[in-house]
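# Topology and contacts: notes
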Amino acid sequence: MSLFLTDTCFWTHVKDLYDSLKYDLRPILNEFRWGTTKAIQEEIKARKMDSFFHAEQGFLVPVSDAEIMIMRRKMPTIEELDYEDQTLIVAAIRENGTILTDDGALYLECQSSGLDAMHLPHFCLRMAKVGIMGKNEVYQMLKHWDQTSRFAARFI
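Throughout this description, residue numbers start from 1 for each chain and increase along the sequence as written. For a predicted model such as this one, the threshold for reporting local features is a pLDDT of at least 70, and the threshold for listing and counting side-chain atom pairs is 80 or more; totals across whole chains, interfaces and linings nevertheless cover every residue. The side-chain figures draw on all heavy atoms in the structure; neither hydrogens nor water molecules are used.

### A word on the sheet that holds strand β3 (residues 59-60)
Just so we agree on the cut-off: Pairing between strands requires that DSSP locate at least two bridges from one strand to the other. Strands here are runs of E lasting at least two residues and helices are runs of H or I lasting at least four, both read from the DSSP assignment and numbered beginning at the N terminus.
Read from one edge to the other, the open sheet built from 5 strands follows the order β3-β2-β1-β4-β5, with strand pairing classed as parallel. Edge positions in the sheet fall to β3 and β5 (117-118), since each has one partner strand and no second. Of the strand pairs in this sheet, strand β1 (residues 4-6) and strand β4 (residues 98-100) are connected by 3 bridges, and their pairing is parallel. Looking at β4, one finds that Leu5 is bridged to Ile99.

### A word on helix α6 (residues 104-113)
The test is simple: Partly exposed residues are those whose accessible area sits between 20% and 50% of the maximum for their type, while under 20% is buried and over 50% is exposed, using a 1.4 Å probe and protein chains only. Here the arc refers to the directions that run from the helix axis out to each C-beta atom. Contact between two residues is taken to exist if any of their heavy atoms lie within 4.5 Å; hydrogens are not considered.
Within α6, the full set of buried residues consists of Leu106, Tyr107, Glu109 and Cys110. In an axial view of α6, the angular spread of the buried residues amounts to 160°, which keeps them on one side of the axis. In α6, those exposed residues whose orientation departs by more than 90 degrees from the buried face are Leu108 and Ser112. Looking at the buried side of α6, the elements it contacts are α5 (83-95), β4 and β5. Taken from the residues just after α6, Gly114 is the one with a positive phi, measuring 80°.

### Digging into the state of the cysteines
Going by this rule: Two cysteine sulfur atoms form a disulfide, by the criterion used here, when they sit within 2.5 Å.
Applying the stated criterion across every chain yields a total of 0 disulfides. Note on Cys9: no disulfide assigned, nearest cysteine sulfur contributed by Cys110 at a separation of 13 Å.

### Let's talk about the environment of Met118
Counting through the fold element by element, Met118 comes out in strand β5. Here the alpha-carbon distance between Met118 and Lys38, two residues 80 residues apart in the chain, equals 21 Å. Beyond its immediate sequence surroundings of up to four residues, Met118 is in contact with Phe4, Thr98, Ile99, Leu100, Thr101, Tyr107, Phe123 and Arg126.

### Observations regarding the packing of aromatic side chains
What counts here: Any Phe, Tyr or Trp ring, taking Trp's six-membered ring, that has another such ring centre within 6.5 Å forms a pair; planes under 30 degrees apart are called stacked, those over 60 apart edge-to-face, and the others tilted. Ring-over charges, as used throughout, are those where CZ of Arg or NZ of Lys falls within 6 Å of the ring centre and within 35 degrees of the ring normal.
One pass over the structure, following the stated rule, counts 10 aromatic pairs. Ring centres 5.6 Å apart and planes at 85° place the aromatic pair Phe4 and Phe123 in the edge-to-face group. One end of the pair, Phe4, is in strand β1; the other, Phe123, is in helix α7 (residues 120-129), with 119 residues separating them in the sequence. Sitting over the face of the ring of Phe52, Lys15 holds its NZ or CZ atom 5.9 Å from the ring centroid. Across from the ring centre of Tyr18, 5.8 Å away, lies the NZ or CZ of Lys22, which sits over that ring.

Shown next, in the form of structure tokens:
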């Protein structure tokens with residue numbers, strides 16, 4: 001099974017769902033192999049979300065500065081991304097993982113580089129398709145995102 005690599009923006013939106021609609025996606029994520037990098041964990045802590053984000057339930061994928069430098073030479077466009085996102089790209093390539101991100105720039109970089117990536121709405125739709133999440137729950141989430149302009153319905 002592939003590893004889902006999560007970024008800060010993804011977790012921000014997961015927390016928003018919990019705060020706004022009381023839908024907790026953490027148990028669903030815990031059914032899968034998921035993880036992140038130390039840089040992402042530090043960013044989550046800086047945003048004071050570490051009480052919601054339980055790092056110990058996921059994998060910590062180590063990424064060295066040397067690996068990032070090598071990847072920058074192979075994929076110069078990743079230099080446009082922040083360091084945290086660069087660590088996710090390195091981890092995704094090495095671990096053959098799928099990046100779960102709501103960061104538009106990171107998502108576009110993944111698409112242009114041929115890396116697997118999903119936004120939170122697409123992840124939820126996929127979970128509904130395979131029967132892990134209820135269709136009504138996902139409909140409520142989609143409605144919420146459209147009403148709050150988090151994600152436009154036409155985008156999804």
